[in-house]
Amino acid sequence: VAFPPASRFWHIGTIPEILDHFCYRTSFLLEAAGAETKGTLPTPAPDMTFEVGSQGLGFYVKGEGAACRICSRVALDVSLGARCVLEFSTAHPGVNVGDNCFLSSVTLPKDTHIPGGIFLQTLAL
């Protein structure tokens, strides 16, 4: 009989949940990324609150979180706001992304400005 190692389940189904799990020191991020995240994320994580948001009922984190880059090419002078996730993307020099953004599979040309609170995704057709 082979027993699988202990496992957990995290529900990441809304944009606030994505931002919360990737931009704060949560058990999800610590177990997914290991020791590399030590010292780079707000700690301890701010308290989560249950409230009605644009996505319906859900848990939300209050306070500033880190910016998270996942498999992305980002120029040195790019500014990513607090609680911002950039995945599978390219950000050219001078790009400025506001707080609370989720950008996926996009190429941001030089000097592009993305205001806060934006979800932007490119789908190949």
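See the structure printed just above.
Residues numbered from 1 in each chain as written. Predicted model: local features only at pLDDT ≥ 70, side-chain atom pairs only at ≥ 80, totals over all residues. Heavy atoms only, no water.

1. Some points on the sheet that holds strand E4 (residues 73-74)
Item 1. Taken in spatial order, the 3 strands make up an open sheet running E4-E7-E10, and their pairing is parallel. Every other strand in the sheet has two partners, leaving E4 and strand E10 (107-108) as the edge strands with one partner each.
Item 2. As defined by bridge partners, E4 adjoins strand E7 (residues 90-91) across 2 bridges and the pair is classed as parallel. Note on E7: the bridge partner recorded for Arg73 is Thr90. (Pairing = 2+ DSSP bridges. Helix = DSSP H or I, 4+ residues; strand = E, 2+ residues; numbered from the N terminus.)

2. Some words on the sheet that holds strand E9 (residues 102-104)
Item 1. Strand order in the open sheet formed by 4 strands is E3-E6-E9-E12, with parallel pairing between adjacent strands. Because the sheet does not close on itself, it has two edges, and the strands there are strand E3 (68-70) and strand E12 (119-121). Neighbouring strand axes in the sheet, compared pairwise and without regard to direction, differ in orientation by 5° on average.
Item 2. Two elements, strand E6 (residues 85-87) and E9, share 3 bridges in a ladder whose sense is parallel. Each bridged residue has a counterpart across the sheet, and for Glu87 the counterpart in E9 is Ser104.
Item 3. Sheet contacts for helix H1 (residues 15-23): E3, E6, E9 and E12; angle to E6, the most-contacted strand, approximately 90°. (Axes fitted to C-alpha atoms, helices over the stretch in contact; angles between N-to-C directions. Contact = heavy atoms within 4.5 Å.)

3. Some details on the packing of aromatic side chains
Item 1. This model, assessed by the stated rule, comprises 1 aromatic pair.
Item 2. Aromatic pair Phe102 and Phe119: ring centres 5.5 Å apart, planes at 20°, arrangement stacked. Highlighted residues: Phe102 in strand E9 and Phe119 in strand E12, separated in sequence by 17 residues. (Phe/Tyr/Trp six-rings, centres within 6.5 Å; stacked < 30°, edge-to-face > 60°.)

4. A short note on the nonpolar core
Item 1. Of all hydrophobic cores here, the largest spans 12 residues; its members are Val78, Leu80, Cys84, Leu86, Ala91, Val95, Val97, Cys101, Leu103, Val106, Leu108 and Ile114.
Item 2. Among residues more than four places away in sequence, those in contact with Cys84 are Cys23, Ala66, Ala67, Cys68, Val97, Gly98 and Cys101.
Item 3. Leu19, Cys23, Cys68 and Phe102 belong to the second-largest nonpolar core, a separate cluster that totals 8 residues. (Core = buried A, V, L, I, M, F, W, Y, C linked by side-chain atoms within 4.5 Å. Buried < 20%, exposed > 50% of the residue type's maximum accessible area, 1.4 Å probe, protein only.)

5. Comments concerning the side chain of Ser104
Item 1. Within the secondary structure layout, Ser104 lies in strand E9.
Item 2. A relative accessible area of 2% places Ser104 in the buried class.
Item 3. Here Glu87 takes part through its side chain, which lies 2.8 Å from a polar atom of the side chain of Ser104.
Item 4. Contacts of Ser104, omitting those with residues within four sequence positions, involve Glu87, Ser89, Leu120, Gln121 and Thr122. (Polar contact = N/O pair within 3.5 Å; in protein donor to acceptor, adjacent residues only side chain to side chain.)

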